[in-house]
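Residue-level listing of the chains:
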Amino acid sequence: AQSVAQPEDQVNVAEGNPVTVKCTYSVSGNPYLFWYVQYPNRGLQFLLKYITGDNLVKGSYGFEAEFNKSQTSFHLKKPSALVSDSALYFCAVRDPDTGRRALTFGSGTRLQVQP
Amino acid sequence: AAGVIQSPRHLIKEKRETATLKCYPIPRHDTVYWYQQGPGQDPQFLISFYEKMQSDKGSIPDRFSAQQFSDYHSELNMSSLELGDSALYFCASSLVLAGEETQYFGPGTRLLVL
């Protein structure tokens, strides 16, 4: 079975500081990994994904994530956070070896960026 | 760029009533997914369709059914509604045939069961 863990319910950071939102996963094979962001009363917006290739993936709004197979992690990072980045962030995984396309989401991490 | 459209955006129903949620995928996308997000919860996969055929099934109650029509839009039918069905229901679409892995989500339908 595939699963995702986001160990932090909330991350607080001052504007302009770097931010990391943590995600670890568990799949039997090689994972497909995704980050989505959810603003209040809005849908899930796709940020970035790792399928194969370079372990460092760059996405929307200046976010990037690093796939680390040995640590089974896919942490989301941004060098300089903005107040407008405050939102709920979800990590998701799919195990392509299962043939299933459904995503399994983590519990979400709320990012709060203070001015 | 066109996005996934869901209607209605908000729905209030009484217990034991029925509800129908509609989803219009991104044009040319061949796969539709339905997810349920309870209050303070992560999205949970319900069901998906590829080229109008059910392709996968998750934790969808027997009271719910869904289908994808010839124009690729999808409907989630919910009967005998319970208080616990109150949630945000997301539809997502992707273009599986092109090997595209990204699922693009709609804004969701917020269902409140009283």
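Everything discussed here concerns the structure shown above.
Residues numbered from 1 in each chain as written. Chains lettered and ligands numbered in written order. Predicted model: local features only at pLDDT ≥ 70, side-chain atom pairs only at ≥ 80, totals over all residues. Heavy atoms only, no water.

A. Here's a closer look at the overall build of chain B. A tally of helices and strands in chain B yields zero helices and eleven strands. Ordered by position from the N terminus, the helices and strands of chain B form the series β-β-β-β-β-β-β-β-β-β-β. At 13 Å, chain B has a C-alpha radius of gyration in line with the 13 Å of a compact globule built from 114 residues. Projecting the C-alpha coordinates of chain B onto the three principal axes gives extents of approximately 40 × 25 × 25 Å. Here chain B holds 114 residues, and the buried ones make up 49% of them. For chain B, restricting intrachain contacts to residue pairs at least 6 apart in sequence, the fraction spanning at least 24 positions comes to 53%. As presented, chain B carries roughly 5400 Å² of accessible surface, and 52% of it is formed by carbon and sulfur atoms. Separation between the mean location of the 10 positive side-chain charges and that of the 13 negative ones in chain B comes to 7 Å. (Helix = DSSP H or I, 4+ residues; strand = E, 2+ residues; numbered from the N terminus. Rg over C-alpha atoms; globule rule 2.2 N^0.38 Å. Buried < 20%, exposed > 50% of the residue type's maximum accessible area, 1.4 Å probe, protein only. Contact = heavy atoms within 4.5 Å. Areas by Shrake-Rupley, 256 points an atom, 1.4 Å probe, with all protein chains shown as cover. Lys, Arg positive; Asp, Glu negative; His and termini not counted. Charge placed at Lys NZ, Arg CZ, Asp CG, Glu CD.)

B. Main features of the overall build of chain A. Helix and strand content of chain A: zero helices and twelve strands. Helices (α) and strands (β) of chain A occur, in sequence order from the N terminus, as β-β-β-β-β-β-β-β-β-β-β-β. For a compact globule of 115 residues, the expected C-alpha radius of gyration is about 13 Å, and chain A comes in at 14 Å, within 12% of that figure. If you line up chain A on its principal axes, its C-alpha atoms span 45 × 30 × 20 Å. Burial status across chain A gives 47% buried among its 115 residues. In chain A, the proportion of contacts linking residues at least 24 apart, taken out of those at least 6 apart, comes to 57%. As displayed, chain A has an accessible area near 5400 Å², and 47% of this comes from carbon and sulfur atoms.

C. Molecular detail of unusual backbone geometry. All names here are of chain B. Geometrically, the link from Ser 7 to Pro 8 is a cis peptide bond, its omega value of -10 degrees lying close to zero. One can find Pro 8 in the loop between β1 (5-7) and β2 (10-13). Phi is positive for Glu 51, which is not a glycine, with a value near 50 degrees. Within the element layout of this structure, Glu 51 appears in the loop between β5 (44-50) and β6 (53-57).

D. Geometry of the sheet that holds strand β8 (residues 74-78) of chain B. All names here are of chain B. Strands sit in the order β1-β3-β8-β7 across an open sheet of four strands; the sheet is antiparallel. Either end of the sheet is taken by a strand with one partner, and the two such strands are β1 and β7 (64-68). Across the sheet, the axes of successive neighbouring strands diverge by a mean angle of 15 degrees, strand direction being ignored. In the sheet, β1 pairs with strand β3 (residues 19-24) via three bridges, with the strands oriented antiparallel. (Pairing = 2+ DSSP bridges. Axes fitted to C-alpha atoms, helices over the stretch in contact; angles between N-to-C directions.)

E. The arrangement of the nonpolar core in detail. The biggest cluster of nonpolar side chains holds 28 residues, and the ones touching the most others in it are A:Trp35, A:Leu47, A:Leu48, A:Phe74, A:Leu76 and A:Tyr89. Of all the secondary structure elements, the ones that give two or more residues to this core are β2 (10-14), β3 (19-21), β5 (32-38), β6 (44-50), β8 (64-68), β9 (73-78), β10 (87-94) and β12 (109-114) of chain A. For this core, the element with the highest residue contribution is β10(A), accounting for four residues. B:Val4, B:Ile26, B:Trp34 and B:Cys91 belong to the second-largest nonpolar core, a separate cluster that totals 22 residues. (Core = buried A, V, L, I, M, F, W, Y, C linked by side-chain atoms within 4.5 Å.)

F. Layout of the interface of chain B and chain A. Taken together, the contacts link 23 residues of chain B with 20 residues of chain A. Taken together, the two surfaces of chain B and chain A that pack against each other cover about 1600 Å², and 51% of this comes from carbon and sulfur. On the chain B side of the contact with chain A, B:Asp42, B:Glu101 and B:Phe105 bury the most area, a combined 32% of that side's loss. Across the contact surface, chain B and chain A share three salt bridges. At the surface where chain B touches chain A, the tally comes to nine residue pairs in polar contact (both at pLDDT 80 or more). Mapped by element, the contributors of at least two residues to the side of chain B that touches chain A are β4 (31-37), β6, β9 (87-94) and β10 (104-105) of chain B. With three residues, β4(B) is the largest single contributor of residues to the side of chain B that touches chain A. (Buried area = accessible area lost by both parts, 1.4 Å probe. Salt bridge = Lys/Arg side-chain N within 4 Å of Asp/Glu carboxyl O. Polar contact = N/O pair within 3.5 Å; in protein donor to acceptor, adjacent residues only side chain to side chain.)

G. Quick look at the packing of aromatic side chains. One pass over the structure, following the stated rule, counts 15 aromatic pairs over all chains. Aromatic side chains A:Phe63 and A:Tyr89 sit 5.5 Å apart centroid to centroid with 50 degrees between the ring planes, which places their arrangement in the tilted category. Taken together, the residues span a long stretch of sequence, with A:Phe63 in the loop between β7 (56-58) and β8 and A:Tyr89 in strand β10 at a distance of 26 residues. Looking at A:Phe63, the relative accessible area reads 3%, which means it is buried. A relative accessible area of 0% places A:Tyr89 in the buried class. Members of the aromatic cluster, each reached through a chain of ring pairs, are A:Phe34, A:Tyr36, A:Phe46, A:Phe90, A:Phe105, B:Tyr35, B:Phe45, B:Phe90, B:Tyr104 and B:Phe105. (Phe/Tyr/Trp six-rings, centres within 6.5 Å; stacked < 30°, edge-to-face > 60°.)

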